[in-house]
Amino acid sequence: MIDPAAIDFEKGNGLVPVVVQDAATLQVLTLAYMDRAALDETIQSGEATFFSRSRGGRWRKGETSGDQLHVVGITADCDSDALVLSVNPVGDACHLHRTSCFGAADAPGLGRIARLEQTIAERAAADPSESWTAKLMAQGVKRIAQKVGEEGVETALAGVAGPDEELASEAADLIYHLLVLLHARNMVFQDVLDVLASRAEAGKAPG
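What you see is a predicted model, and the numbers here were worked out from it, not measured in a lab.

Criteria and cut-off values
- Residues numbered from 1 in each chain as written.
- Predicted model: local features only at pLDDT ≥ 70, side-chain atom pairs only at ≥ 80, totals over all residues.
- Heavy atoms only, no water.
- Helix = DSSP H or I, 4+ residues; strand = E, 2+ residues; numbered from the N terminus.
- Rg over C-alpha atoms; globule rule 2.2 N^0.38 Å.
- Buried < 20%, exposed > 50% of the residue type's maximum accessible area, 1.4 Å probe, protein only.
- Contact = heavy atoms within 4.5 Å.
- Areas by Shrake-Rupley, 256 points an atom, 1.4 Å probe, with all protein chains shown as cover.
- UniProt positions renumbered as here; feature names shortened; annotations may be inferred.
- Axes fitted to C-alpha atoms, helices over the stretch in contact; angles between N-to-C directions.
- Parallel < 35°, antiparallel > 145°, perpendicular 65-115°, else oblique.
- Left-handed = near helix turned anticlockwise from the far one by under 90°.
- Nonpolar A, V, L, I, M, F, W, Y, C, P; charged D, E, K, R; others polar.
- Expected span 1.5 Å × (residues − 1).
- Salt bridge = Lys/Arg side-chain N within 4 Å of Asp/Glu carboxyl O.
- Pairing = 2+ DSSP bridges.
- Arc of directions from axis to C-beta.

Q: Tell me about the overall build of the protein chain, and name the residues and values.
A: The helix and strand tally for the protein chain stands at 6 helices and 6 strands. Scanning the protein chain from its N terminus toward the C terminus, one meets helices and strands in the order β-β-α-β-β-β-β-α-α-α-α-α. Relative to the 2.2 N^0.38 estimate, which gives 17 Å for 207 residues, the radius of gyration of the protein chain is 21 Å and therefore markedly larger than a compact globule would have. Reported as C-alpha extents along the three principal axes, the dimensions of the protein chain are approximately 60 × 45 × 30 Å. Considering the protein chain as a whole, with its 207 residues, one finds that 32% of them fall into the buried category. In the protein chain, the proportion of contacts linking residues at least 24 apart, taken out of those at least 6 apart, comes to 48%. Approximately 12000 Å² of the protein chain is accessible, and the part contributed by carbon and sulfur atoms is 54%.

Q: An account of the UniProt feature "domain: Phosphoribosyl-AMP cyclohydrolase" (unreviewed entry) in the protein chain is requested, with residue identities and associated values reported.
A: Feature annotation in UniProt assigns "domain: Phosphoribosyl-AMP cyclohydrolase" (unreviewed entry) to the following positions: residues 31-102. For residues 31-102, helix accounts for 14% and strand for 40%, while the C-alpha atoms at its two ends are 9 Å apart.

Q: Tell me about the packing of helix H2 (residues 111-123) against helix H5 (residues 164-184), and please be specific about residues and values.
A: Relative orientation of the contacting elements H2 and H5 amounts to 55°, with a least axis distance of 10 Å. It follows that H2 is oblique to H5 by the angle criterion. Seen from above, H2 lies across H5 with right-handed handedness. When H2 is examined against H5, the residues Ile 113, Leu 116, Glu 117, Ile 120 and Ala 121 are found in contact with a partner set consisting of Ile 175, Tyr 176, Leu 179, Val 180 and His 183. When its residues are assigned to classes, the contact of H2 with H5 shows 8 nonpolar, 1 polar and 1 charged.

Q: Go over H2, please, and point to the residues and values.
A: Along its 13 residues, H2 runs 19 Å from first to last C-alpha, staying within 8% of the 18 Å computed at 1.5 Å per residue. Residues of H2 that are buried sit in contact with strand E1 (16-22), helix H3 (132-139), H5 and helix H6 (189-201).

Q: If you had to explain the pattern of salt bridges to someone new, which residues and values would you point to?
A: Enumeration according to the criterion identifies 8 salt bridges in this entry. Of the charged contacts, one joins Arg 143 and Glu 150 as a salt bridge, the two residues approaching to 3.5 Å between their closest N and O atoms. Note that Glu 151 and Lys 147 form a salt bridge whose closest N and O atoms lie 3.5 Å from each other. Placement of the pair is Glu 151 and Lys 147 together in helix H4 (residues 141-161), with a separation of 4 residues, close to one helical turn. In terms of burial, Glu 151 and Lys 147 fall into one category: buried.

Q: Report on the sheet that holds strand E5 (residues 68-76), specifying residues and quantitative values.
A: One open sheet accounts for 4 strands, arranged E2-E1-E6-E5; its pairing is mixed. Each edge of the open sheet carries a strand with a single partner, namely strand E2 (28-34) and E5. On average, each strand axis in the sheet is tilted by 30° relative to the strand beside it, whichever way the strands run. One ladder, built from 6 bridges, connects E1 with E2; its direction is antiparallel. If you follow Val 18 over to E2, its bridge partner there is Ala 32.

Q: Go over H4 with me, naming the residues and quoting the values.
A: Over its 21 residues, H4 runs 30 Å from end to end, which matches the ideal 30 Å to within 8%, given 1.5 Å per residue. Turning to H4, its buried residues number three or more, namely Ile 144, Lys 147, Val 148, Glu 151, Thr 155 and Ala 158. What you see down the axis of H4 is that its buried residues fit within an arc of 105°, all on one side. With respect to the buried face of H4, the exposed residues turned more than 90 degrees away are Lys 142, Leu 157, Val 160 and Ala 161. The inward-facing, buried residues of H4 abut H3 and H5.

In structure tokens form, the structure reads like this:
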């Protein structure tokens, strides 16, 4: 966590803007404000606490709605007069009962990968007769790995001879089964991204 004493609250008349971002999907959830007391309480409690300009006082997300923002990290900008709050949300961030205050889309773009990982984790514990994910998990890592291989071949064939829609569909199947395999091995897609990042730093990135 950051040092509250290093944040410049004076520039904004006692307040700093706070961009709240989903730690998993990186989706921007909302924009709020904090004074020094709200930042102190956020750090101490681990729950996002803001200063409401309309209410004129402190406001902890979820006190009335039950929709909470569990804080993972806090980062200041280069001028120390704005913050990014990385959170694990429980429920909706928007008072309009949407995931984000910035549009109705849930986990757009690559955030869909993280959302799918969350769904896989939830369904892995379900009844195998009711969930394909749970059925795969029950069959073990070897069967899941086999499915990844099968989907990889189907994706390659679609890439050679199929229309764009077929390629996109087969690639989606491949990604899903790959995420199931990672979950079965107690890994996440971030582990793959970490390898890509290390390769890029070493000048080994593809292309």
